[in-house]
Amino acid sequence: MAQWFKDGLESIMWNIVGNLMPLYVMLFISVSNNGLNWDSIYTALHQPFTFLILSGTYLTNSYYTISKSRVRNRIFPIVFGVALLFIGLLIKDKTILENLTANFYKEFVVIILFVTSFLLYVYYEFKNYYQIYNADQGAEAANQYNNLENEFDDLP
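Values in this document were obtained by computation on a predicted structure and should not be read as measured data.

Our focus in this paragraph is the packing of aromatic side chains. One pair of aromatic rings is described through two measures. These are the centre distance and the angle between the planes. Taken as a whole and assessed by the stated rule, the structure comprises 16 aromatic pairs. Where Trp-4 meets Tyr-130, the ring centres are 5.0 Å apart and the plane angle is 85 degrees; that geometry is what we call edge-to-face. Of this pair, Trp-4 sits in helix H1 (residues 3-19) while Tyr-130 sits in helix H7 (residues 104-133), placing them 126 residues apart in sequence. Among the residues examined, Trp-4 registers a relative accessible area of 23% and is labelled partly exposed. Here Phe-114 and Phe-118 contribute two aromatic rings whose centre-to-centre distance is 6.3 Å and whose plane-to-plane angle is 20 degrees, an arrangement assigned as stacked. In this pair, Phe-114 and Phe-118 are both assigned in helix H7, four residues apart and thus about one turn of the helix distant. Site record: aromatic cluster; members linked through ring pairs are Phe-51, Tyr-58, Phe-114, Phe-118 and Tyr-121.

Leu-20, Leu-52, Leu-59 and Phe-76 are the most contacted members of the largest nonpolar core, which has 26 residues in total. Looking at this core, the elements with two or more residues in it are H1, helix H4 (48-68), helix H5 (76-91) and H7. At eight residues, H7 tops the list of elements feeding residues into this core.

Right, let's get into the pattern of salt bridges. This structure, assessed with the given rule, holds two salt bridges. Between Lys-92 and Asp-93 there is a salt bridge, with the nearest N and O atoms lying 3.4 Å from each other. The exposure class of Lys-92 is exposed, given its relative accessible area of 60%. Look at Asp-93 and you get buried, because its relative accessible area is 11%. Two residues, Lys-106 and Asp-93, come together in a salt bridge whose shortest N-O distance is 2.7 Å. Of this pair, Lys-106 sits in helix H7 while Asp-93 sits in the loop between H5 and helix H6 (94-98), and the two are 13 residues apart along the sequence. Residues joined by salt bridges that share partners form a network here, namely Lys-92, Asp-93 and Lys-106.

What counts and how
Residues numbered from 1 in each chain as written. Predicted model: local features only at pLDDT ≥ 70, side-chain atom pairs only at ≥ 80, totals over all residues. Heavy atoms only, no water. Phe/Tyr/Trp six-rings, centres within 6.5 Å; stacked < 30°, edge-to-face > 60°. Helix = DSSP H or I, 4+ residues; strand = E, 2+ residues; numbered from the N terminus. Buried < 20%, exposed > 50% of the residue type's maximum accessible area, 1.4 Å probe, protein only. Core = buried A, V, L, I, M, F, W, Y, C linked by side-chain atoms within 4.5 Å. Salt bridge = Lys/Arg side-chain N within 4 Å of Asp/Glu carboxyl O.

Take a look at the structure:
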């Protein structure tokens, strides 16, 4: 396995362990109270508001990954803005998402947002590590030197 893939996978796994901790706790409590059955698992994982918040978390993680690395994308800021708009519109329905009285379509939009946000995070995390490990250091140094010279020439 390539080193960039190993490091990307390690980063993603640690992120999953940390960010999905509320779901693990809910699953543990539900299974310990009701036993291991489908209803207890569904009850523990049927948390639309938690998934909505996690969508925002994974979107901002993706945005951070793009902004700190050499990964450039012109479409992602548009996707980021639209997804944050949907998250903002759904956060106003916090009470119905928390007490599980939201209609199917709102819960479906939450799940689509979460899956999309998570997949974007995974994609950009792997792409970031790929570019780090496959960067041509000489070309990168020359490019930065040229950028520095151009900035120096533009000074008043």
